[in-house]
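# Chain and residue survey
Take a look at the letters that make up each chain.
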Amino acid sequence: MTKKTRKTKKSSATAKKRGSSLWRKIWSLTWKLAIVGAAVVSFYAIYLDQIIAQKFEGQKWHLPAQVFSRSMALYPGAAINHPQLMAELKLLGYRKVANPRQVGEFSASSTRIELWRRPFLHPEGNQAEQRVMISFDSEGVSSVTRMSDKRELAVFHLEPVLLDRIVAGDGEDRLFVPSPEIPSIIIDALILVEDRSFYDHFGVNPLAIARAAMVNITAGRTVQGGSTLTQQLAKNFFLSSERSIVRKVREALMALIIDFRYSKDEILEAYLNEVYMGQDKSRGVHGMGLASQFYFGRPVGELTVSQQAFLVAVIKGPSYYNPWRYPERAQERRDLVLRILMENDKLTVAQYKAAAESPIGLRSAKKSVHQKLPAFFAVVKQELRDRYGDSLLQQSGVKVYTTLDPMAQEAAEKAVTSTMSSLNKRAKNIQVGMVVTDKYSGGIAAMVGDKVPGYEGFNRAVEIRRPIGSLIKPFVYASALNQSDKFTLATPVEDKPITLKNEQGKTWSPKNFDKKFSGKVPLLTAFKDSMNVPTVNVGLAVGVNNVASTLQKSGWADDISPYPSMLLGAVNGSPLMVAQVYQTLADGGRYRKLTSITAVLDSQNQALDVSRAAGSQAINPATDYLIQYAMNQVVRNGTAKRLGAAFPGVRLAGKTGTSNDSRDSWFAGFDERNVAAIWVGQDDNSKTGLYGSSGAMAVYQAFLQQRPPLSLRMIPVNGVINGYFDRTTGAAKQGNCDNIIGLPALDSSYRPAKNCGESLSWWQKLVGN
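In this text, all values refer to a predicted model and were calculated from it rather than measured experimentally. (Residues numbered from 1 in each chain as written. Predicted model: local features only at pLDDT ≥ 70, side-chain atom pairs only at ≥ 80, totals over all residues. Heavy atoms only, no water.)

### A short note on the overall build of the chain
Helix and strand content of the chain: 22 helices and 33 strands. For the chain, buried positions account for 50% of its 769 residues. Here the contacts in the chain between residues at least 6 apart in sequence split such that 67% fall between residues at least 24 apart. About 37100 Å² of surface is accessible on the chain, with carbon and sulfur atoms providing 52% of the total. (Helix = DSSP H or I, 4+ residues; strand = E, 2+ residues; numbered from the N terminus. Buried < 20%, exposed > 50% of the residue type's maximum accessible area, 1.4 Å probe, protein only. Contact = heavy atoms within 4.5 Å. Areas by Shrake-Rupley, 256 points an atom, 1.4 Å probe, with all protein chains shown as cover.)

Laid out in structure tokens, this is it:
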């Protein structure tokens, strides 16, 4: 072996030795880095696990506070007629059929309605689904019978209307629905379309990812995704929509953790309530529960197969498959989902054909799923703040049950819109405030604060303070009639010029509207014709302070200056304040503070305290009956007779009011169901040229045309009798006398003169007549 050869072999061995040493170093570094990497991944996984656990085991979502209408109560004698209940069922999304076979359906004849009510959460507890027969007579509801055992129910509630949800700052809106309440077709379609191996993989599906990658490479663009439902949930819950490798890796890792920690059913329920389903202006529509209401206006459990398929179809691209904007595109996608269900034996061929041939059945795009009720919601929020502080509406899952009657609100808005359009031709830039109350519950049933009902601004129903004019007169006369030894409806009242002087020497000479004087008029005539001078005389006779006391006991909250001008309405108020005191008149003289809230439930459906102040008897019930009678005469043949002519045969009570120089037009009145108070005027307090009968009363008349009135029952209360009075002197007489008028009177003071008040002849005395 030559020296050169030996040198070459030695060099080769050295190189091998060096190579082996390098590989050992690389291997050593690799496994060390692997250990470090594994440790980093482990620590990161622990970190992600904590984040995931906090989300899944705590509060998954901030559920917006839900605001509900009143729950319609049906019971024998309820002042609810057949058309009103039909309209309520339509508003709630019930379907009219020949024979109700499932929840959410009803049938109707001319005098009866058979209803299969949905289950719902009532403030007094969960209400199960129930099938009933509701019968009507001329007075309203005559009976409510449970179909299962033919038992008559004392009271039966319909579910309230969900008016709105108060969404938090993130703009996400949803209605949580537990997965057992989601129809099986939706779940089957979701898994078949979005993740067929959902129940088999561990959160990530490598084969699906590889398959999607090949399809996308072939197409040269992203046309298919490989994410599982669990990955989509991880992205929606925790990550942004950024397209990057780092985000995809993090998404996959979180999906593995989620799948390891939680059952498939828990993951599915979270997905069904989290998935983005569309955009409702500034609100993101999330979850199947809200999507069902958003697209179809009904609960998810009542959707047709076609509609259920559409909800799954739209997940791929809510904007791209917007059914109102791209109906053909949306229907094609829905049909694809239906075909997949049929091909996988989830639908029969007949079911597939029937669903594919049916329209999607969308709600009207003009009908919002959010009620724009700025005036009423302002009152609700203020009442919530007063009772619970500012933080309540920021809590998740709060449910607020209000007094709002959706049908009354709709009628009020239509009345305002139509009447203001007409009146604007006579008086430019006029505005309106309107409050409607429920006579029986003492709650605010409707409220409009602007001639554009949805305008969110100055709330004239609550915030204005304007002279109420003749609307004060019922309280003047109630104060007088309560002194039954001095006043009856037939008592003659002076109607002559008077001049009053105050302590500063200033004089006041009230005049009647027509500037004429009649000498003397019966009290009832003075009331129904809204005569000023007789009213002042009556008020002075009973005392201005007594009148002020009657008004304040009836619920007037502001201070009242006890000057004689107050007797003609020199008292500033709002429609809400007027509605409060007229609610007292309509409720038999009983004062109850008006409210907008009936109940509040927290996230655990536990009722919060909503204690209300105790009511009080502000006006003697018998006296109040006389005022109601007089207000009915106002409508029959007094200043509101045009209203009476518009509704012949219906007993209504009302009072017109006009402030000085026709600056403010007022009307307040009631039927058997609702009390209404309306103001029409200018924001700058300028003249309108409108009177109570030509302005505000026109709004009320339009309201009753939208919401047919229920006639006042006017049943005499204890202490009231039918009396007879001399037409000229007002003296109590017997029923067989001449020149008499029959009027209701207080039994305690009705003492009719014997023998019609005439002296007996010797012959009559002899025979005992």
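### Observations regarding the confidence of the model for the chain
Parts of the prediction with low pLDDT should not have their coordinates interpreted in detail. Looking at the chain, pLDDT values average 88 and 88% of them are 70 or higher. Predicted confidence is poor over residues 762-769, with pLDDT under 50, and the contacts of this stretch with residues over four places away or in other chains come to five contacts. (pLDDT = per-residue confidence, 0-100.)

### Topic: the sheet that holds strand E10 (residues 151-152)
Here we have six strands laid out as an open sheet, ordered E3-E4-E5-E8-E9-E10, and mixed in their pairing. Of all the strands in the sheet, just strand E3 (95-96) and E10 have a single pairing partner and so form its edges. Strands E3, strand E4 (105-108), strand E5 (112-117) and strand E8 (130-137) of the sheet are contacted by helix H2 (residues 82-91), whose axis makes an angle of about 25° with E5. (Pairing = 2+ DSSP bridges. Axes fitted to C-alpha atoms, helices over the stretch in contact; angles between N-to-C directions.)

### Structural notes on the environment of leucine 63
Structurally, leucine 63 is set in the loop between helix H1 (3-57) and strand E1 (65-68). The sequence separation of leucine 63 and glutamine 394 amounts to 331 residues, and the corresponding C-alpha distance is 9.5 Å. Excluding residues within four positions of it along the chain, leucine 63 makes contact with Arg174, Phe176, Gln395, Ser396 and Gly397.

### Brief notes about the pairing of strand E16 (residues 399-402)
The side-chain alternation of E16 yields two buried faces, one formed by Lys399 and Tyr401 and the other by Val400 and Thr402. The pairing of E1 with E16 spans three bridges and is classified as parallel. Looking at E16, one finds that valine 67 is bridged to valine 400. Relative to strand E26 (residues 597-601), E16 runs antiparallel, the two being bridged by four bridges. Pairing of valine 400 across the sheet is with valine 600, part of E26.

### Here we look at the state of the cysteines
Under the definition given, this model contains one disulfide. Between cysteine 737 and cysteine 756 runs a disulfide, and the two sulfur atoms are separated by 1.9 Å. The sign of the -95° torsion about the S-S bond sets the cysteine 737-cysteine 756 disulfide as left-handed. Taken together, the residues cysteine 737 in the loop between strand E32 (732-733) and strand E33 (740-746) and cysteine 756 in the loop between E33 and helix H22 (762-767) connect sequence positions 19 residues apart. Among the residues examined, cysteine 737 registers a relative accessible area of 7% and is labelled buried. (Disulfide = S-S within 2.5 Å.)

### So, the sheet that holds E1
Here four strands make up an open sheet; going across it, the order is E12-E1-E16-E26 and the pairing mixed. Sheet topology places strand E12 (162-166) and E26 at the edges, where each strand pairs with a single neighbour. Shown here is a sheet whose adjacent strand axes are inclined to one another by a mean of 15°, direction ignored. Each of E1, E12, E16 and E26 is contacted by helix H12 (residues 374-388), which is oriented at about 60° to E26, the strand it contacts most.

### Structural notes on the nonpolar core
In this structure, Leu85, Tyr582 and Val680 are the most contacted members of the largest nonpolar core, which totals 143 residues. Counting residues per element, this core draws most heavily on helix H19 (residues 621-637), which supplies nine residues. Not counting the four nearest positions on each side in its chain, tyrosine 582 is found in contact with Leu471, Pro474, Phe475, Met631, Lys655, Ala668, Phe670 and Val675. One finds Leu290, Leu311, Ala313 and Leu341 within the second-largest nonpolar core, a separate group that totals 58 residues. (Core = buried A, V, L, I, M, F, W, Y, C linked by side-chain atoms within 4.5 Å.)

### Thoughts on the environment of glutamine 231
Within the element layout of this structure, glutamine 231 appears in helix H5 (residues 229-238). It is 6.2 Å that separates the C-alpha atoms of glutamine 231 and alanine 252, two residues lying 21 residues apart in sequence. Reaching out from glutamine 231, the side chain makes a polar contact with the side chain of glutamate 251 at a distance of 3.1 Å. (Polar contact = N/O pair within 3.5 Å; in protein donor to acceptor, adjacent residues only side chain to side chain.)

### What about the packing of helix H13 (residues 406-423) against helix H21 (residues 696-706)?
Between two packed helices, both the angle of their axes relative to each other and the distance between the axes serve to describe the pair. Between H13 and H21, the least distance of the axes is 8 Å, while the angle of their chain directions is 135°. Judged by the inter-axis angle, H13 sits oblique to H21. Once H13 is placed against H21, the crossing between them reads as right-handed. Between H13, through Ala408, Ala411, Ala412, Lys414, Ala415, Val416, Ser418, Thr419 and Met420, and H21, the contact on the second element is made entirely by Ala698, Val699, Ala702, Phe703 and Gln706. Across the contact of H13 with H21, the residue classes break down as ten nonpolar, three polar and one charged. (Parallel < 35°, antiparallel > 145°, perpendicular 65-115°, else oblique. Left-handed = near helix turned anticlockwise from the far one by under 90°. Nonpolar A, V, L, I, M, F, W, Y, C, P; charged D, E, K, R; others polar.)

### Remarks on the packing of aromatic side chains
Under the definition given, this model contains 16 aromatic pairs. Ring centres 5.2 Å apart and planes at 80° place the aromatic pair tyrosine 295 and phenylalanine 310 in the edge-to-face group. In this pair, tyrosine 295 sits in helix H8 (residues 287-296) while phenylalanine 310 sits in helix H9 (residues 305-313), placing the two residues 15 residues apart along the sequence. In terms of burial, tyrosine 295 and phenylalanine 310 fall into one category: buried. When the centroid spacing of 4.9 Å and the interplanar angle of 85° are considered together, the rings of tyrosine 320 and tyrosine 321 count as edge-to-face. Through pairs of rings, three or more aromatic residues link up here, namely Phe294, Tyr295, Phe296, Phe310 and Trp324. The ring of tyrosine 94 has arginine 118 sitting right over it, with the charged end atom 4.2 Å from the ring centre. (Phe/Tyr/Trp six-rings, centres within 6.5 Å; stacked < 30°, edge-to-face > 60°. Lys NZ or Arg CZ within 6 Å of the ring centre and 35° of its normal.)

### Comments concerning the side chain of glutamate 159
On the secondary structure map, glutamate 159 appears in the loop between strand E11 (156-157) and E12. On the accessibility criterion, glutamate 159 (7% relative accessible area) is buried. At a separation of 2.8 Å, a polar atom in the side chain of glutamate 159 contacts the side chain of tyrosine 94. Looking at glutamate 159, its side chain comes within polar contact range of the side chain of arginine 118, at 2.7 Å. Once residues within four sequence positions are removed from consideration, glutamate 159 is found in contact with Leu92, Tyr94, Arg117, Arg118 and Phe120.

### Remarks on the pairing of E5
Each regular strand displays side chains that alternate between the two surfaces of the sheet. E5 sits mainly inside the fold: five of its six residues count as buried. Inspection of the sheet shows E4 paired to E5 by four bridges, in the antiparallel sense. Residue pairing for E5: serine 107 is matched across the bridge by glutamate 114. The loop that links E4 with its antiparallel partner E5 comprises three residues. As judged from the six bridges shared by E5 and E8, these two strands associate in the antiparallel manner. Residue pairing for E8: arginine 112 is matched across the bridge by serine 135.

### Examining the pattern of salt bridges
Any two side chains of opposite charge can pair, given that their charged atoms come close. Applying the stated criterion across every chain, the model contains 31 salt bridges. Between arginine 146 and aspartate 149 there is a salt bridge whose closest N-O contact spans 2.9 Å. Judged by its relative accessible area of 40%, aspartate 149 falls in the partly exposed class. For glutamate 410, the salt bridge is made with lysine 414, and the minimal N-O distance between the two is 3.4 Å. Here the residue glutamate 410 and the residue lysine 414 both occupy positions in helix H13, the gap between them amounting to four residues, near one helical turn. Under the relative-accessibility criterion, glutamate 410 is labelled partly exposed at 35%. With a relative accessible area of 39%, lysine 414 lands in the partly exposed category. (Salt bridge = Lys/Arg side-chain N within 4 Å of Asp/Glu carboxyl O.)

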